[in-house]
Amino acid sequence: MAKKVLVTGGGGYIGSHCVLEMIEAGYEPVVIDNFHNAIRGANSLPESLLRVQEIAGKKIEFEEVDLLDKAALNSLFDKYKFSAVMHFAGLKAVGESVQRPLLYYKVNLTGTIQLLEVMNAHGVKKIVFSSSATVYGDPKYLPIDENHAVGGCTNPYGKTKYFIEEMIQDQCKAEGEWHAILLRYFNPIGAHVSGRIGEDPQGIPNNLMPYVSQVAIGRREYLSVFGNDYNTPDGTGVRDYIHIVDLARGHIAALKKLQSSSGCKIYNLGTGVGYSVLQMVVAMEKASGRKVPYKIAPRREGDIATCYADPAMAATELGWKAEYDLDRMCEDLWRWQSLNPTGFSTDS
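All figures in this text were calculated on a predicted structure; none of them were measured in a lab.

Engineer: Which residues make up the pattern of salt bridges, and what values do they have?
Structural biologist: The tally for this structure, following the rule as stated, stands at 19 salt bridges. Linking arginine 328 and aspartate 332 is a salt bridge whose minimum nitrogen-to-oxygen distance equals 2.6 Å. Taken together, the residues arginine 328 and aspartate 332, both in helix α11 (residues 326-339) and 4 residues apart, mark about one turn of the helix. For arginine 328, a relative accessible area of 23% translates into the label partly exposed. Here the salt bridges share partners, and the residues they tie into one network are Lys4, Glu28 and Glu61.

Engineer: Outline the sheet that holds strand β3 (residues 61-64), supporting the account with residue identities and numerical values.
Structural biologist: Taken in spatial order, the 7 strands of this open sheet run β3-β2-β1-β4-β5-β6-β11, and their pairing is parallel. Where the open sheet ends on each side, the last strands, each with one partner, are β3 and β11 (263-269). Taking the axes of each pair of neighbouring strands and ignoring which way they run, one obtains an average angle of 20 degrees across the sheet. The pairing of strand β1 (residues 4-8) with strand β4 (residues 84-87) spans 4 bridges and is classified as parallel. Bridge pairing links threonine 8 to histidine 87 in β4. On top of the sheet, helix α1 (residues 13-24) reaches β1, β2 (28-33), β4 and β6 (179-185); it is set at about 165 degrees to β2, its chief contact. Strands in contact with helix α8 (residues 244-258) are β1, β4, β5 (126-132), β6 and β11; relative to β6, the strand with the most contacts, it is inclined by about 160 degrees.

Engineer: So what's going on with unusual backbone geometry? Which residues, and what values?
Structural biologist: Looking along the chain, the bond that leaves leucine 142 and enters proline 143 is cis, with omega of -10 degrees. Counting through the fold element by element, proline 143 comes out in the loop between β5 and α6 (156-174). Positive phi is not limited to glycine here, since phenylalanine 35 has a value of about 65 degrees. Structurally, phenylalanine 35 can be placed in the loop between β2 and α2 (47-56). By relative accessible area, phenylalanine 35 is classed as buried at 12%.

Engineer: Hey, could you go over the packing of aromatic side chains for me, with residue numbers and the actual values?
Structural biologist: Taken as a whole, this structure holds 7 aromatic pairs when the rule is applied. Between phenylalanine 77 and phenylalanine 82, the aromatic rings sit 5.1 Å apart at their centres with planes inclined by 75 degrees, giving edge-to-face as the arrangement. Both residues of the pair, phenylalanine 77 and phenylalanine 82, count as buried. Relative to phenylalanine 163, the ring of tyrosine 162 lies with its centre 5.8 Å away and its plane at 45 degrees, an arrangement referred to as tilted. Judged by relative accessible area, phenylalanine 163 falls into the partly exposed class, the value being 33%.

Engineer: Which residues make up the sheet that holds strand β14 (residues 306-307), and what are the values?
Structural biologist: Read from one edge to the other, the open sheet built from 3 strands follows the order β12-β9-β14, with strand pairing classed as mixed. Each edge of the open sheet is held by one strand with a lone partner, namely β12 (275-276) and β14. As paired elements, strand β9 (residues 238-239) and β14 share 2 bridges and run parallel to each other. Counterpart to valine 238 in the pairing with β14 is threonine 306.

Engineer: Go over the nonpolar core, please, and point to the residues and values.
Structural biologist: Among the nonpolar cores identified, the biggest contains 69 residues, and Met209, Leu223 and Leu255 are the most heavily contacted of them. Examining the composition of this core, we find that 9 residues originate from one element, α8, more than from any other. Discounting residues that sit within four places of it in the chain, methionine 209 has contacts with Ile189, Tyr241, Met280, Met284, Cys330 and Leu333.

Engineer: An account of α6 is needed here, citing residue identities and associated values.
Structural biologist: In this model α6 runs 26 Å from its N-terminal to its C-terminal C-alpha over 19 residues, within 8% of the 27 Å that 1.5 Å per residue would give. Among all positions in α6, only Pro156, Tyr157, Gly158, Thr160, Lys161, Tyr162, Ile164, Glu165, Ile168 and Cys172 are buried. Those residues of α6 that are buried are in contact with α4 (94-99), α5 (101-121), β5, β6 and β11. Where α6 begins, the side chain of asparagine 155 points an oxygen toward the backbone nitrogen of tyrosine 157, at a separation of 3.3 Å.

Engineer: Could you give an account of the environment of aspartate 33, naming the residues involved and the relevant values?
Structural biologist: Here aspartate 33 is to be found in strand β2. With residues near it in sequence (within four places) discarded, aspartate 33 still touches Gly9, Gly10, Gly11, Gly12, Ala38, Phe62, Glu63, Glu64 and Val65. Among the polar contacts made by the side chain of aspartate 33, one reaches the main-chain amide nitrogen of phenylalanine 35 at a distance of 2.8 Å.

Engineer: So what's going on with the UniProt feature "domain: NAD(P)-binding" (unreviewed entry) in the chain? Residues and values would help.
Structural biologist: UniProt's feature table lists "domain: NAD(P)-binding" (unreviewed entry) at residues 6-332, given in the numbering used throughout. With 39% helix and 18% strand, residues 6-332 has its two end C-alpha atoms placed 28 Å apart.

Engineer: How would you sum up the pairing of β5? Please name residues and give values.
Structural biologist: The buried fraction of β5 amounts to 6 of the 7 residues, a majority that puts the element mostly inside the structure. The sheet contact formed by β4 and β5 spans 3 bridges and is parallel. Its bridge partner being in β5, valine 85 is matched across the sheet by isoleucine 127. Judged from the 7 bridges that link them, β5 and β6 form a sheet pairing that is parallel. Its bridge partner being in β6, serine 132 is matched across the sheet by tyrosine 185. Chirality of the crossover, the property in question, places the unit of β5, α6 and β6 among those that are right-handed.

Here is what the cut-offs are and how they apply
Residues numbered from 1 in each chain as written. Predicted model: local features only at pLDDT ≥ 70, side-chain atom pairs only at ≥ 80, totals over all residues. Heavy atoms only, no water. Salt bridge = Lys/Arg side-chain N within 4 Å of Asp/Glu carboxyl O. Helix = DSSP H or I, 4+ residues; strand = E, 2+ residues; numbered from the N terminus. Buried < 20%, exposed > 50% of the residue type's maximum accessible area, 1.4 Å probe, protein only. Pairing = 2+ DSSP bridges. Axes fitted to C-alpha atoms, helices over the stretch in contact; angles between N-to-C directions. Contact = heavy atoms within 4.5 Å. Phe/Tyr/Trp six-rings, centres within 6.5 Å; stacked < 30°, edge-to-face > 60°. Core = buried A, V, L, I, M, F, W, Y, C linked by side-chain atoms within 4.5 Å. Expected span 1.5 Å × (residues − 1). Polar contact = N/O pair within 3.5 Å; in protein donor to acceptor, adjacent residues only side chain to side chain. UniProt positions renumbered as here; feature names shortened; annotations may be inferred. Right-handed = clockwise from strand over helix to strand, strands pointing away.

Below, the structure written as structure tokens:
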């Protein structure tokens, strides 16, 4: 029997790619989403998951559920017998979190508390949590390993990830049957090689590469580069970018590890290589064959100069490492963008 795994927020960018990898690895994902960041397709499924079904040739079990609706969560756990939970659901825009901190605390923290309470009540005590390198704040040393201090977060979004990590770790300490893996992502980019699923930001993209690809396709006039006076080789911010498919495969490795590990484990998912904003622009110009005009703008509050991972622990303990290089990330991103110039919404 394939193991049923609950996937929260599975209609989003990272969730949908993970759902596909889960199906291909023999798991049975049951997906919930509230459509906050997913486009509704036919049969009340997110468009992203309709396309995952088409790629995988397999039907996906989906229910429209919001984590703030505890009664709906209880009903879901009454209906299915889950072996584990993969938790992606949450608000994720750094800038918006600075403007609307209470909303972020309510959705991300209350939603997760209710999920953990319902899991506990139904005896489901294995979870993989979608965390973020933002928990490290401004790095004290590079590359960042899992022993780096956490909690000095520069925005409320990062703080919600940090607080959730703390809650899960405390729960694992309090109850020995709880097993958790916290995955700290660096910067996921790219898309599935089919070009059928990818990142489809609603409104103005908050992340660099969706914005760059929208400039390349002609949806936006130019890229604003926030700050060119950082202490980096070209003055622009340096980040660790990881292919979304590599990231998704890290979750499969984590699910397998949950079967044998106990307590709470933490892993970085990154490549260990940092690229500057301007290097990313050049890489996208190469992949797309188009110029990406940009203008230098003032630094953004909460941004840091350089951040990249030491992913050695994931290699040693999960048997996972990123395989795809920057050229491949940009090629796959460009294929998605050129096949879906307006994302999921108006493309059939």
